[in-house]
Amino acid sequence: MLILFVKYFLTSWNATAIVQLIALSVTVFIEIIIRLYLAPPMLRLMHEKYRIEGAIGSGREVGSLEQGDLIQCPHYQRIHKTFRRIHMTIAMGNMSVLLATCLHLYFLASKIQIS
C-alpha cells in the first residue's frame, strides 16, 4: 500500500498526504518487526508449550487454560508467560496496523467521485 500510495496518490505535500505517508510507513515498520523478530520466537514457544501440555494431557480446553499440575512447573510458567507477552505484543501491533489500514481505506473512499 505504501508503494502504491507514493506512486499514484502523492502528488502534493499536504496534511492528508503526510498523515497517510506516516500511517503507511508505521504499518510497514510494525509488520516487518512482527514477521522478522516476534513471530519466530512466538512459534517456537508455542510448539514447546503444546509439547509440554500434550505430555500431561492438558491444553485442549477452549476459552480457558486448565494448567493443573503445570502450575508448579517453573519451566512451563516461564514459557507460558513469555509466550503470552509476545502474543500480546503481536496482537497490539496487528490492531495498530488495522487502525492504519482503516485510515487508509477512509482516505481512498474520500477520493471516490460519484456523478
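Residues numbered from 1 in each chain as written. Predicted model: local features only at pLDDT ≥ 70, side-chain atom pairs only at ≥ 80, totals over all residues. Heavy atoms only, no water.

**Student:** What should I look at first to understand the packing of helix H1 (residues 2-9) against helix H2 (residues 15-56) in this one?
**Tutor:** A pair of packed helices can be characterised by two numbers: the angle between their axes and the separation between those axes. Closest axis-to-axis distance for the H1/H2 pair is 9 Å, and the angle between their directions is 155 degrees. The angle between H1 and H2 falls in the class roughly antiparallel. Both H1 and H2 take part in a crossing whose hand is left-handed. Residue-level contacts link Leu2, Phe5 and Val6 of H1 to Ala17, Gln20, Leu21, Leu24, Ser25 and Val28 of H2. Of the residues in the contact of H1 with H2, the class split is 7 nonpolar, 2 polar and no charged. (Axes fitted to C-alpha atoms, helices over the stretch in contact; angles between N-to-C directions. Helix = DSSP H or I, 4+ residues; strand = E, 2+ residues; numbered from the N terminus. Parallel < 35°, antiparallel > 145°, perpendicular 65-115°, else oblique. Left-handed = near helix turned anticlockwise from the far one by under 90°. Contact = heavy atoms within 4.5 Å. Nonpolar A, V, L, I, M, F, W, Y, C, P; charged D, E, K, R; others polar.)

**Student:** I would appreciate a short explanation of the nonpolar core in the present structure.
**Tutor:** Inside soluble globular proteins, nonpolar side chains tend to come together where they are buried. Among the nonpolar cores identified, the biggest contains 14 residues, and Ile86 and Ile90 are the most heavily contacted of them. When contributions to this core are tallied by element, the ones reaching two or more residues are H2 and helix H3 (74-110). A total of 7 residues in this core trace back to one element, the largest contributor, which is H2. Grouped together as the second largest cluster of nonpolar side chains are 5 residues, Phe5, Leu21, Leu24 and Phe107 included. (Core = buried A, V, L, I, M, F, W, Y, C linked by side-chain atoms within 4.5 Å. Buried < 20%, exposed > 50% of the residue type's maximum accessible area, 1.4 Å probe, protein only.)

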